[in-house]
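# Commentary on secondary and tertiary structure
Residues per chain are reported as follows:
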Amino acid sequence: MEKQVSKTTLGLNLPTDPRWVDLAAMSLQDILTDHAFCEQKAASNIISIIQMHSDKPMIVEELSPVVTEEWGHFRQVLNELKKRGMTLGIQRRDEYVKKLMKGRPSGQGRQAAFLDQLLICALIEARSCERFKTLSQKLEDPELQEFYHKFMVAEAAHYKLFLRLAKNYFDEQKVMERWNYWLEYEASFLPLLEVRGDRMH
């Protein structure tokens, strides 16, 4: 993982509210359902990126395997639900992602929007990694601890991939300036969101 300097997992500006993991532990059905849909939406989002930027070989080649991986994660969460006698529940609105998207400037050109698209993906993966790390350390169930540790590792790799892709297509200084914008923007609204144990974000 990236070196941490007065920050949380993967350089995020603000850690998750410590109450979240306690609430999640009391709502395993809900948190697993939300997790499953997060993996499904991640796969769909990456497919959209590939479709929008099919003229960029690195995007196609690097992200195509991630689609398969994310869908595999969706199936793993489904299996975990089934193993525990649970079923996939109803998909809920992701207020975190909805709020995150509001940070995009209106009237962006194609290139600026592309950079933000990659960085938003990196940020979501970083926040997911941080949440999975928390679950792997704080849940009392040893099987779930191992389950979420594996997801933490995968999300860290995805975060690094999206940042690497951004730096491939844009000047590194520009990427880091924009990345800091997104880190600060996320930290500005995260404390305003309701702390809910039935949401992964």
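Below, the structure is looked at part by part. (Residues numbered from 1 in each chain as written. Predicted model: local features only at pLDDT ≥ 70, side-chain atom pairs only at ≥ 80, totals over all residues. Heavy atoms only, no water.)

With that settled, the discussion passes to the overall build of the chain. A tally of regular secondary structure across the chain gives seven helices and zero strands. Walking the chain from its N terminus toward its C terminus, one meets helices and strands in the order α-α-α-α-α-α-α. Its C-alpha atoms give the chain a radius of gyration of 17 Å, within 12% of the compact-globule value 17 Å for 201 residues. Overall, the C-alpha framework of the chain stretches about 45 × 35 × 30 Å when taken along its three principal axes. Within the chain, buried positions represent 46% of all 201 residues. If you take every contact in the chain between residues at least 6 apart in sequence, the share linking residues at least 24 apart comes to 83%. Accessible area of the chain: about 10300 Å², with a carbon and sulfur share of 52%. (Helix = DSSP H or I, 4+ residues; strand = E, 2+ residues; numbered from the N terminus. Rg over C-alpha atoms; globule rule 2.2 N^0.38 Å. Buried < 20%, exposed > 50% of the residue type's maximum accessible area, 1.4 Å probe, protein only. Contact = heavy atoms within 4.5 Å. Areas by Shrake-Rupley, 256 points an atom, 1.4 Å probe, with all protein chains shown as cover.)

What follows concerns the side chain of E70. The residue E70 is located in helix α3 (residues 57-83) in this model. Notably, E70 is buried but unbridged: the nearest opposite-charge side chain belongs to K41, and the N-O separation is 12 Å. One polar contact links E70 to H158, side chain to side chain, over a distance of 3.3 Å. Filtering out sequence-adjacent residues up to four positions away, E70 remains in contact with E39, A42, A43, I46, E125, E155 and H158. (Lys, Arg positive; Asp, Glu negative; His and termini not counted. Salt bridge = Lys/Arg side-chain N within 4 Å of Asp/Glu carboxyl O. Polar contact = N/O pair within 3.5 Å; in protein donor to acceptor, adjacent residues only side chain to side chain.)

The subject of this paragraph is the nonpolar core. L63, L100, L135 and Y148 are the most contacted members of the largest nonpolar core, which has 56 residues in total. Contributing elements (two or more residues each) for this core: α1 (19-25), α2 (28-52), α3, α4 (95-101), α5 (110-138), α6 (142-169) and α7 (172-189). Broken down by element, the residue count for this core peaks at 13 residues, all from α5. Apart from the residues within four sequence positions on either side, L100 is in contact with I120, L123, I124, W182, Y185, E186 and F189. (Core = buried A, V, L, I, M, F, W, Y, C linked by side-chain atoms within 4.5 Å.)

Look at α2 against α5: their axes get within 12 Å of each other, and the N-to-C directions meet at 160 degrees. With respect to their mutual orientation, α2 and α5 come out roughly antiparallel. By crossing handedness, the relation of α2 to α5 is classed as left-handed. Facing α2, whose interface residues are H35, E39, N45, I49 and M52, α5 presents R110, Q117, C121 and F132. Looking at the contact of α2 with α5, its residues break down into four nonpolar, three polar and two charged. (Axes fitted to C-alpha atoms, helices over the stretch in contact; angles between N-to-C directions. Parallel < 35°, antiparallel > 145°, perpendicular 65-115°, else oblique. Left-handed = near helix turned anticlockwise from the far one by under 90°. Nonpolar A, V, L, I, M, F, W, Y, C, P; charged D, E, K, R; others polar.)

Now for the environment of Q51. Locating Q51 in the fold gives a position in helix α2. With a relative accessible area of 58%, Q51 lands in the exposed category. Remark: the alpha-carbon pair of Q51 and L161, spanning 110 residues in sequence, is separated by 18 Å.

With that settled, consider α6. Between its first and last C-alpha, α6 extends 42 Å over 28 residues, near the 40 Å set by a 1.5 Å rise per residue. The N-cap of α6, judged by a side-chain oxygen 2.8 Å from the amide nitrogen of E143 a few residues on, is D141. (Expected span 1.5 Å × (residues − 1).)

Everything listed here is a matter of geometry and, on its own, says nothing about what the molecule does.
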